[in-house]
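# Observations on the model geometry
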Number of protein chains: 2
Amino acid sequence: MLEKEYQDRRRLACADLQARTWDGLVVSTPVNVRYLSGFTGSSAALVLEPGGQALLFTDPRYAIQAGEETGCRVRVVKGPLPTAVSRHLARRRLRRIGFENTRISFAAHQELSRGATLEPAETLIEDRRMIKSPAEIELIRQSMLVASRAYDRVIRAVRPGMTEAAVAAELDHQMRRLGAEGPAFPTIVAAGPRSALPHASPGPVALKANQLLLIDMGASRNGYASDMTRTVFLGRPAVKAGKMYRAVLEAQQAAIATVRDGVQAAAVERAARRRLRADGLDRAFVHSTGHGLGLEIHEAPRIGRRDKTLLRAGMVVTIEPGVYLEGYGGIRIEDTVAVTADGCEVLTPNSKELAAL
Amino acid sequence: MLEKEYQDRRRLACADLQARTWDGLVVSTPVNVRYLSGFTGSSAALVLEPGGQALLFTDPRYAIQAGEETGCRVRVVKGPLPTAVSRHLARRRLRRIGFENTRISFAAHQELSRGATLEPAETLIEDRRMIKSPAEIELIRQSMLVASRAYDRVIRAVRPGMTEAAVAAELDHQMRRLGAEGPAFPTIVAAGPRSALPHASPGPVALKANQLLLIDMGASRNGYASDMTRTVFLGRPAVKAGKMYRAVLEAQQAAIATVRDGVQAAAVERAARRRLRADGLDRAFVHSTGHGLGLEIHEAPRIGRRDKTLLRAGMVVTIEPGVYLEGYGGIRIEDTVAVTADGCEVLTPNSKELAAL
């Protein structure tokens, strides 16, 4: 990411401060600090002032790294960061301070509130993060390609007798080899009836022939997440599985066709549910249709039946309807898509034909 | 872990409540919930009462899993857990409630404090977690063996020309194959001058001959962390590297020889520094000597020059002195050790002779 992009983000945040007549904003959630400064260390607090000043606090472990990663001024302090920030606010006579009330710990809040009046910033930075820049969309695309290629490499070699855990380990290994820092979330590999548990974790369970196999995976690359799910059949697909698969695929396609700038998130979910209802499967679709992603694997907006957020060009979201029949199995198909002015771009290139392994 | 062990832990926590005359304790840090209940989901709040009642709140995604993992009563709720917990406290007329002030978010605190008087629990559960049961030490030993074997498998194949990132990926892959959930922390592989940065992250940097190579790694297995560091030389060790290595190894051995029940943590660090001072290297030892580990990779106690905690049988800590010369390289040697009544047991079986690759 170019330093200019971080500067633009800080400029927008500072404009938000001015609009609220705050004297400062303290950002200490690592992912928000990274968004505003480029610094990737785990110990950081960034103080922004309405005039555009930005000061990054970190501890001595990160002194060299902070200097390399950020264009902000850096202050290396020993001891708790909230204490150092609190002293800094007092010295600068900054009184009305926005703080990350949904993220900060109670103890840090206590320390910061010694000399300042703290104002809840709610999701001020997270709201900005919803709209991705072209550079960010490119980073998510690269992350997606890593997951996509790892999937294609591994799926070819999957056979009955292998365990879920071994397949997951191989997927993660291939993502690393292709340039990921690691998986964006614990990779899900769930076979047969276990695929009906939306959050199954891969176990020492051997894959059997004539079963569904669900794989939900994503990479973290340069800090950006990607997310995809494919469901395949081990053997020649049973008629029941084929019918379910077609319903889910058409529901996913219907949802994707709905995505464009200005559409309500709930309308996307409605499109998926409508198609599933035609096969009596909407009750088996037990989660929501998708979620934003970026520096975190789950970000705003959510795409659920009650989500009134308007999708905007630059948002990146997953579209992932699924149906789950207890005792039989589950089918989920998920792509990561970037919202555009007149539709969306699907960033997940993998085939969605029902594969027979 | 047997259900009886969780029951014993809850019994101790309830005794702590009684001693403080609190009406309840709300635990919502996932790792503390796991410690007290066995539940491994990411969304949970556990309410303990002085009489021994334990009620676990989670969301519908974890309904099945919670039932399988914990012997506690489970309540599955939709919507924010703090809201449900707050209602529960009001219904049960529980007024003085201990809460995790160092961990809980400010927003959750606000929600919980609606009807209750919140009392800071500080590190009540973390303090209990410092002393490991025999079953926990066995789990840490198993985790250590996974990391240890992965290291031995990979180090044999390391050659100049390979990148740091490739070696790290291979270490992580072998840990997974040997049964780890994953690395306990991002594996460090740092070559040459980069080994002088205590927190270097592995890059696309090719290893060269006649350099130091530092590897700091650990597994997470069944939730328990392990931690080890070895430093090797690519080629025939230079005299300077050999001398530094001997100083660090003897410092580490001196520190380990000091560890036993009743000794102050600071005394362990002093033993390491004393040996390094003899070679004028104590100033190049820029971090502390070690830290506790268990369900988290960094737990109490810390072993630093100002840490007055008395080591106790059952604590598991790392002993990891290191020296770092900017522009040249760093050497760190780290074992995980379990404190016993009359000494300690080193859980890291790998050789500490200076290996020449």
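Its location among the elements puts Glu269 of chain A in helix H10 (residues 265-278). Filtering out sequence-adjacent residues up to four positions away, Glu269 of chain A remains in contact with His287, Ser288, Thr289, Ile303, Gly304 and Arg305 of chain A.

Residues and elements named next belong to chain B. Relative to the elements of secondary structure, Leu212 occurs in strand S9 (residues 211-217). Sequence-wise, Leu212 and Leu139 are 73 residues apart; in three dimensions their C-alpha atoms are separated by 32 Å. In this structure, Leu212 is in contact with Ala190, Ala191, Gly192, Ser195, Thr231, Val232, Phe233, Ala241, Tyr328, Gly329, Gly330 and Ile331, ignoring residues within four places of it in sequence.

Residue and element names in this part refer to chain B. At a minimum axis distance of 8 Å, the contact between helix H7 (residues 134-155) and helix H8 (residues 164-177) shows a crossing angle of 135°. Classified by the angle between their axes, H7 and H8 sit oblique to one another. Crossing handedness for the pair H7 and H8: right-handed. Along its contact with H7, which presents Val146, Ala147, Ala150, Tyr151, Arg153 and Val154, the element H8 presents Val167, Glu170, Leu171, Gln174 and Met175. For the contact of H7 with H8, the per-class residue count stands at eight nonpolar, one polar and two charged.

This part covers the packing of aromatic side chains. Given two aromatic rings, one states the distance between the centres and the angle between the planes to describe the pair. If you walk through the whole model with that rule in mind, you get four aromatic pairs over all chains. Aromatic side chains Phe39 of chain A and Tyr62 of chain A sit 5.7 Å apart centroid to centroid with 85° between the ring planes, which places their arrangement in the edge-to-face category. One end of the pair, Phe39 of chain A, is in the loop between helix H2 (30-37) and strand S2 (45-48); the other, Tyr62 of chain A, is in the loop between strand S3 (54-58) and helix H3 (63-69), with 23 residues separating them in the sequence. When sorted by exposure, Phe39 of chain A lands in the same class as Tyr62 of chain A, which is buried. The ring centre of Trp22 of chain B lies 5.5 Å from the NZ or CZ of Arg20 of chain B, which sits over that ring. Its guanidinium or amino end placed over the ring of Tyr328 of chain B, Lys240 of chain B lies 4.2 Å from that ring's centre, counting from NZ or CZ.

Quick look at the sheet that holds strand S8 (residues 188-191) of chain A now. Residue and element names in this part refer to chain A. As summarised here, the arrangement of the three strands in space is S8-S9-S12, forming an open sheet in which the pairing is antiparallel. Both outer strands of the open sheet, S8 and strand S12 (228-234), are each paired with one neighbouring strand and no more. The mean inter-strand angle of the sheet, taken between neighbouring strand axes irrespective of direction, is 15°. Of the pairings in the sheet, the one linking strand S9 (residues 211-217) to S12 comprises seven bridges and is antiparallel in character. Bridge pairing in S12 places Ile215 opposite Arg230.

Where interface size is quoted, it is often the accessible area lost as the parts come together. Contact with chain B, which involves 20 residues of that partner, is made by 20 residues of chain A. Here chain B meets chain A over a buried area of about 1700 Å², counting both sides, of which 63% is carbon and sulfur. Linking chain B with chain A are two salt bridges. Here Asp172 of chain B ties to Arg176 of chain A by a salt bridge, and the two come within 2.5 Å at their closest N and O atoms. At the boundary of chain B with chain A, the tally comes to eight residue pairs in polar contact (both at pLDDT 80 or more).

Bringing empty space enclosed by the protein into the picture now. All names here are of chain A. Counted by the stated rule, this structure contains one cavity of 30 Å³ or more. Here the largest cavity defines a volume of roughly 30 Å³. Along its surface, the largest cavity is lined by Arg9, Leu12, Ala13, Tyr35, Leu36, Ile125 and Arg128. For the lining of the largest cavity, the elements supplying multiple residues, two or more each, are helix H1 (3-20), H2 and helix H6 (124-130).

What follows covers the pairing of strand S5 (residues 96-99) of chain A. All names here are of chain A. In this sheet, S5 lies alongside strand S1 (residues 24-27) in parallel orientation, the contact comprising three bridges. When the bridges of S5 are listed, Gly24 appears paired with Ile97. For S5 and strand S6 (residues 117-120), the ladder comprises four bridges, and the chain directions are parallel. By the bridge assignment for S6, Ile97 is matched with Leu118.

The next point concerns the sheet that holds strand S3 (residues 54-58) of chain B. Residue and element names in this part refer to chain B. In space, the six strands of this open sheet follow the order S4-S3-S2-S1-S5-S6, with mixed pairing throughout. If you trace the sheet from one side to the other, it starts and ends with strand S4 (73-76) and strand S6 (117-120), each paired once. Strand-to-strand, the axes of this sheet are offset by a mean angle of 25°, without reference to chain direction. Taken strand by strand, helix H1 (residues 3-20) contacts strand S1 (24-27), strand S2 (45-48), S3 and strand S5 (96-99), and its axis lies near 60° from that of S2. Here helix H4 (residues 81-91) sits on the sheet and contacts S1, S2, S3, S4 and S5; the angle it forms with S3, its principal contact strand, is near 150°.

Below, the discussion takes up the pattern of salt bridges. Residues and elements named next belong to chain A. Scanning the entire structure with this criterion turns up 58 salt bridges over all chains. Of the charged contacts in the structure, one is a salt bridge between Arg128 and Asp16, with a shortest N-O distance of 2.8 Å. Here Arg128, found in helix H6, pairs with Asp16, found in helix H1; they are 112 residues apart in sequence, far enough to count as distant. Looking at Arg128, the relative accessible area reads 31%, which means it is partly exposed. The class for Asp16 is buried, based on a relative accessible area of 12%. In this structure, Arg103 and Glu126 form a salt bridge, with 2.8 Å as the shortest nitrogen-oxygen distance. Highlighted residues: Arg103 in the loop between S5 and helix H5 (106-112) and Glu126 in helix H6, separated in sequence by 23 residues. According to the relative accessible area criterion, Arg103 is partly exposed, its value standing at 30%. Judged by relative accessible area, which is 14%, Glu126 ranks as buried.

Procedures and definitions
Residues numbered from 1 in each chain as written. Chains lettered and ligands numbered in written order. Predicted model: local features only at pLDDT ≥ 70, side-chain atom pairs only at ≥ 80, totals over all residues. Heavy atoms only, no water. Helix = DSSP H or I, 4+ residues; strand = E, 2+ residues; numbered from the N terminus. Contact = heavy atoms within 4.5 Å. Axes fitted to C-alpha atoms, helices over the stretch in contact; angles between N-to-C directions. Parallel < 35°, antiparallel > 145°, perpendicular 65-115°, else oblique. Left-handed = near helix turned anticlockwise from the far one by under 90°. Nonpolar A, V, L, I, M, F, W, Y, C, P; charged D, E, K, R; others polar. Phe/Tyr/Trp six-rings, centres within 6.5 Å; stacked < 30°, edge-to-face > 60°. Buried < 20%, exposed > 50% of the residue type's maximum accessible area, 1.4 Å probe, protein only. Lys NZ or Arg CZ within 6 Å of the ring centre and 35° of its normal. Pairing = 2+ DSSP bridges. Buried area = accessible area lost by both parts, 1.4 Å probe. Salt bridge = Lys/Arg side-chain N within 4 Å of Asp/Glu carboxyl O. Polar contact = N/O pair within 3.5 Å; in protein donor to acceptor, adjacent residues only side chain to side chain. 1 Å grid on protein atoms, 1.4 Å probe; cavity = no way out; pocket = protein on both sides within 12 Å on 5 of 7 lines; lining within 4 Å. Points joined across faces, edges and corners; volume = space filled by probe spheres on them.

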